[in-house]
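# A closer look at the structure
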Amino acid sequence: MTHSVLAPWARIEGQWQKNVLLSWDEHGRLTDIHANYQSVPGSSLHQLPGAVLPGMPNLHSHAFQSAMSGLAEYRGQAQDSFWSWRDLMYRFALKLRPEHIQAIAHWLYIQMLKAGYTSVCEFHYVHHQPDGQAYTPQHTLAAAVVQASQDAGIGLSFLPVLYQYSDFGAQPPRQDQARFLNQPEALLELLLTLRQQYPEQAHRRYGVAPHSLRAVSPDSLRTMLTLMDEHFPHSPIHIHIAEQIAEVQASLNHHGQRPVQWLLDNASVDRRWCLVHATHMDEQETVQAAASGAVAGLCLSTEANLGDGFFPAPQYLEAGGAIGVGSDSHIAVDWRTELRLLEYGQRLLHRQRNVLCHPAQAHVADYLFDASIKGGAQASARPVHGLQIGQQADFMVLDLHDPILAGHKPETWLSALVFTERAGSQPIRDVYVAGQAVIQEGRHAQEDQAWQRYQHTLHELLQTT
Ligand SMILES: [Zn+2]
């Protein structure tokens, strides 16, 4: 059965088109897109109440971290850093039970949908009980997250994490990393079990995430990639690559190479890869990473929060590199904030305006939006490349009467969305995933129930922090 709607405006392959008929099949796959559509008088065709933007894929999430937002914003030692934040995050992770993880992920995914993120790549690394013992069944925590995504109705690329060591040179893991540890074979087992219980479909895909070059050895990385090639060919591979200067230095000390360079020289980095926090790259790494076809996974709000540094965006984009955005620690759950911070970082650094654009697209927000849909879809390895035939009917409907958008013409809608903030504004009205309306007038059907459970969870977790 085909469903059709008529949008007064829709962004099709980077262009605003008027009176667009969108049709999709029973699997939520777009089967027809027709601009300048003339509906017959008296037609019962459903008219969408605003302009339509493709849904944004969120390419990097650690769902549980959203419940610790705001807990680490005070000086605890002479010089706080990413590493002191990580200690707090580890302490927080030790308290999580399966029902906490499910409640947090469910609430978070509803928030993502409200923001117009229609799918998420979940980089999932809490696998075991606090002392490192496996749960029965082993995939209890992974299943909690996958179930939460299904309940919320968000598309998912699930990436269980391979974590083995505390630093370069296969340093033994710390006691507080016991929940994260796995061997490649055990991780494959977990993926196979999950795939049996939650099969791969257009809205769900599996891949793997070697945590970082700190946490895996060259041998285990190779083993994991070989196992994936056998059992999950063409699956996405995500890695935290060069977030911190200390990490770059440790890589230089151990391998004699910077992390991005080492990875490019020692793994077949291609379009399956997402290099999350490719923040610290020299000129050669920047050009080679861009040429590899991999996506740079940018999480600007988290990177700013953790004091990571500036991604060399102008050089990387100039070299034709692919980008996408993620909400990572969820200090913000909003692609508009990510795109704004991406541009603002460069403005502050270079003391210029309108840095990230292109001769063919002078509007920064439009350029970054289209690039992030494309790169986010590639990193998700799912058919979420925007409003094109054969892709999922994932989209958001903008309220053109919202104070942010009112009075604007189509050519500045995205600029207004990305660069303007107003109290009480809610420009994203409805959100569809695979043709299903999951957010209507800013609300999700499970919102009240999810909020009750989330509040209860927060109460349990935060009273002992
Ligand atoms: Zn991360």
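An unreviewed UniProt entry annotates the chain as Formimidoylglutamate deiminase originating from Alcaligenes endophyticus.

## Some thoughts on the overall build of the chain
Of the regular secondary structure elements, the chain holds 14 helices and 18 strands. Rg of the C-alpha trace for the chain: 22 Å, near the compact-globule value of 23 Å for 465 residues, within the 12% margin. Expressed along its principal axes, the backbone C-alpha trace of the chain runs to roughly 70 × 50 × 45 Å. The long-range share in the chain, meaning contacts at least 24 apart out of those at least 6 apart in sequence, stands at 74%. When the accessible surface of the chain is summed, it comes to about 18,800 Å², and 48% of that surface belongs to carbon and sulfur atoms.

## Examining the coordination of the zinc ion
Distances from the zinc ion to its protein donors, His 60 (NE2), His 62 (NE2) and His 240 (NE2), fall at 2.1 to 2.2 Å. For the zinc ion, the single-chain donor residues occur in sequence as H-x1-H-x177-H. A residue pair is termed long-range when its members are at least 10 positions apart, and His 62 in the loop between β6 (56–61) and α1 (82–93) and His 240 in strand β11 (residues 237–240) qualify at 178 residues. Judged on exposure class, the residue His 62 and its partner His 240 are both buried.

## Structural notes on the layout of surface pockets
Here the largest pocket is characterised by a volume of approximately 730 Å³. Lining the largest pocket are 28 residues; nearest its centre among them are Tyr 367, Asp 370, Ala 371, Lys 374 and Gly 375. For the lining of the largest pocket, the secondary-structure elements that each account for two or more residues are β1 (3–12), β14 (322–325) and α12 (364–380). Looking at which element gives the most residues to the lining of the largest pocket, the answer is α12, with eight residues. Here the lining of the largest pocket is built from residues that sort into 12 nonpolar, 11 polar and five charged.

## Examining the side chain of His 128
Note on placement: His 128 falls in the loop between β7 (117–124) and α3 (140–152). Looking at His 128, the relative accessible area reads 7%, which means it is buried. Of note is the side chain of His 128, whose polar atom sits 2.6 Å from the backbone oxygen of Leu 181. Contacts of His 128, omitting those with residues within four sequence positions, involve Gln 133, Ala 134, Tyr 135, Leu 141, Ala 178, Arg 179, Leu 181 and Asn 182.

## What about the pattern of salt bridges?
If you walk through the whole model with that rule in mind, you get 20 salt bridges. Here Arg 258 and Asp 282 are joined by a salt bridge, their closest N and O atoms 3.7 Å apart. One end of the pair, Arg 258, is in the loop between α6 (245–255) and α7 (259–266); the other, Asp 282, is in the loop between β12 (273–276) and α8 (283–292), and 24 residues separate them in sequence. Residue Arg 258 is classed as partly exposed on the basis of its relative accessible area of 21%. What makes Asp 282 partly exposed here is its relative accessible area of 31%.

## Regarding the sheet that holds β11
With parallel pairing, the four strands of this open sheet are ordered in space as β11-β12-β13-β14. Strands at the two margins of the open sheet, each flanked by one partner only, are β11 and β14. Neighbour-to-neighbour, the strand axes of this sheet turn through a mean angle of 25°, independent of strand direction. Across the sheet, α12 is in contact with β11, β12, β13 (295–298) and β14; its angle to β14 comes to roughly 90°.

## What about unusual backbone geometry?
In this structure, Pro 137 follows Thr 136 across a cis peptide bond, with omega equal to -10°. With respect to the helices and strands, Pro 137 occurs in the loop between β7 and α3. Even without being glycine, Glu 13 reaches a positive phi, approximately 45°. Looking at where Glu 13 falls in the secondary structure, it is placed in the loop between β1 and β2 (15–24).

## Things to note about the domain arrangement of the chain
If you check the domain split of the chain, you get domain 1 (3–54 + 390–448) and domain 2 (56–380). Counting residues at the interface gives 30 residues for domain 1, matched by 30 residues for domain 2. Between domain 1 and domain 2, roughly 2,400 Å² of surface is buried when both sides are summed, and carbon and sulfur atoms account for 60% of that area. The three residues of domain 1 that bury the most area against domain 2 are Val 418, Phe 419 and Glu 447, which together make up 24% of that side's buried surface. Counting across the domain 1 and domain 2 interface gives four salt bridges. For Asp 366, the salt bridge identified is with Arg 11, shortest N-O distance 3.2 Å. Mapped by element, the contributors of at least two residues to the side of domain 1 that touches domain 2 are β5 (51–54), β15 (395–398), α13 (413–419), β16 (428–433) and β17 (436–440). Here the element with the most residues in the side of domain 1 that touches domain 2 is α13; it accounts for five residues. Residues belonging to the side of domain 1 that touches domain 2 are distributed by class as follows: 16 nonpolar, eight polar and six charged.

Cut-offs applied
- Residues numbered from 1 in each chain as written.
- Predicted model: local features only at pLDDT ≥ 70, side-chain atom pairs only at ≥ 80, totals over all residues.
- Heavy atoms only, no water.
- Helix = DSSP H or I, 4+ residues; strand = E, 2+ residues; numbered from the N terminus.
- Rg over C-alpha atoms; globule rule 2.2 N^0.38 Å.
- Contact = heavy atoms within 4.5 Å.
- Areas by Shrake-Rupley, 256 points an atom, 1.4 Å probe, with all protein chains shown as cover.
- Donors = N, O, S within 2.8 Å, 3.2 Å for Na, K, Ca; no water.
- Buried < 20%, exposed > 50% of the residue type's maximum accessible area, 1.4 Å probe, protein only.
- 1 Å grid on protein atoms, 1.4 Å probe; cavity = no way out; pocket = protein on both sides within 12 Å on 5 of 7 lines; lining within 4 Å.
- Points joined across faces, edges and corners; volume = space filled by probe spheres on them.
- Nonpolar A, V, L, I, M, F, W, Y, C, P; charged D, E, K, R; others polar.
- Polar contact = N/O pair within 3.5 Å; in protein donor to acceptor, adjacent residues only side chain to side chain.
- Salt bridge = Lys/Arg side-chain N within 4 Å of Asp/Glu carboxyl O.
- Pairing = 2+ DSSP bridges.
- Axes fitted to C-alpha atoms, helices over the stretch in contact; angles between N-to-C directions.
- Domains from an automatic or database assignment.
- Buried area = accessible area lost by both parts, 1.4 Å probe.

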